[in-house]
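# Architecture and fold: a report
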Amino acid sequence: MKVSPDTLTLTKKDETAQLTAEVTPSYADNKRVTWQSSDEKVATVDENGKVTAVGNGTVEITVTTEDGKITASIIITVKVPDEPTINKTTGFRRLRARSVKQTKTSVTLQWNIIKDADGYFIYGNRCNTGTKSYKYRKLATITGGDISTWTQKDLKKGTYYKYVVKAYRLVNGKKVVTDTSISVHAVTGGGKYGNAKAVSVTQIGNKKNVSKITLKMGKTAQIKAKEVKKDKKIARHRKLCYESSNTKVATVTPDGLIRATGKGTCTIWVYAQNGVYKALKITVK
């Protein structure tokens, strides 16, 4: 009896392959066979000789005539590449997505390049109004992890738009999202509203006009900050936000109250609705 193919390697979990058994001589009476796997943690085989990969290793698949008199076998290797560990993040600190330029008909986004990213997705739509809601939709897929800007054109003047940037990696041919930014709200020119050009931190605790502070464990400090408008007033879709790079060192509330939680240093970002930000260095002793 002969098994075909005579060698086989499977490289994906749940990948399948069909084995066939040829009982010789051709005039033999007993041609009904059964199939068996020596290790079903590596691969399984059904009654028709269909093999399914389960996990890495080698396995012997044996075929036997129904009367048990004739057997044959094949050694199958399963080599499934290890998938990279992806710790997905959501928030400001990794991508730091922001709108860096606006015209009457366009909005330009910028973000930090993510190491090992293979590309980025851009989602967006018009901002919600008091009477209508707009769902995010995919606007672009950017191929290339070293790209950090994108411009949407042909927009309506004096209109607010919202965006989210997502970084992805290619894992076994699939685009897997690794990082998701905060939402960015920016208005095109030509209307009565404008965008923030910067964030000004006027005080941290009892210190004025500083960008760093040292705290003792358990102590708190209030951040006082404001948006600096480019020219026209800002229609607020979201108030100033705060985020800590390491909550084991210091946390920050939605209203900007820092609490020292452990020794070390961290960054607290204060960012406006269009993503422009101020970085603060916090040291805890």
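Report on the accompanying structure. (Residues numbered from 1 in each chain as written. Predicted model: local features only at pLDDT ≥ 70, side-chain atom pairs only at ≥ 80, totals over all residues. Heavy atoms only, no water.)

### Considering the sheet that holds strand E7 (residues 50–53)
Strand pairing within a sheet occurs via backbone hydrogen bonds; the two strands may be parallel or antiparallel. Read from one edge to the other, the open sheet built from 3 strands follows the order E3-E7-E6, with strand pairing classed as antiparallel. In this open sheet, the two edge strands, each paired with only one partner strand, are strand E3 (16–18) and strand E6 (43–45). Adjacent strand axes in the sheet meet at a mean angle of 20 degrees when their direction is disregarded. Bridging between E6 and E7 involves 3 bridges; their strand directions are antiparallel. Across the sheet, residue Thr 44 finds its bridge partner in E7, namely Thr 52. (Pairing = 2+ DSSP bridges. Helix = DSSP H or I, 4+ residues; strand = E, 2+ residues; numbered from the N terminus. Axes fitted to C-alpha atoms, helices over the stretch in contact; angles between N-to-C directions.)

### Comments concerning the sheet that holds strand E23 (residues 241–244)
On the basis of which strands lie adjacent, the open sheet formed by 4 strands has the order E21-E27-E26-E23 and mixed pairing. Every other strand in the sheet has two partners, leaving strand E21 (212–215) and E23 as the edge strands with one partner each. The sheet shows a mean angle of 25 degrees between the axes of neighbouring strands, taken without regard to direction. For E23 and strand E26 (residues 264–271), the ladder comprises 4 bridges, and the chain directions are antiparallel. Looking across to E26, one finds that Cys 241 is bridged to Tyr 271.

### As for the nonpolar core
Of all hydrophobic cores here, the largest spans 24 residues; its most connected members are Leu 109, Trp 111, Tyr 120, Ile 122, Trp 150, Tyr 163 and Val 165. Contributing elements (two or more residues each) for this core: strand E12 (107–110), strand E13 (119–126), strand E14 (137–143), strand E16 (160–171), strand E18 (184–187) and E26. Tallying contributions element by element places E16 first for this core, with 4 residues. Setting aside residues up to four positions removed in sequence, Trp 150 forms contacts with Val 107, Thr 108, Leu 109, Trp 111, Ile 122, Leu 139, Ala 140, Ile 142 and Tyr 163. In terms of nonpolar packing, the next biggest core, distinct from the first, is built from 23 residues, Val 199, Val 201, Ile 204 and Ile 268 among them. (Core = buried A, V, L, I, M, F, W, Y, C linked by side-chain atoms within 4.5 Å. Buried < 20%, exposed > 50% of the residue type's maximum accessible area, 1.4 Å probe, protein only. Contact = heavy atoms within 4.5 Å.)

### Quick notes on the packing of aromatic side chains
Inspection of every chain in the model, using the stated rule, returns 8 aromatic pairs. When the ring of Phe 121 is compared with that of Tyr 123, the centres are 6.4 Å apart and the planes differ by 70 degrees; the resulting orientation is edge-to-face. Among the aromatic residues, ring-to-ring pairing joins Phe 92, Trp 269, Tyr 271 and Tyr 277 into one connected group. Geometry around Tyr 136 places Lys 162 over its ring, the cationic atom sitting 4.8 Å from the centre. Looking at Lys 166, its charged tip hangs above the ring of Tyr 123, at a distance of 4.8 Å from the centre. (Phe/Tyr/Trp six-rings, centres within 6.5 Å; stacked < 30°, edge-to-face > 60°. Lys NZ or Arg CZ within 6 Å of the ring centre and 35° of its normal.)

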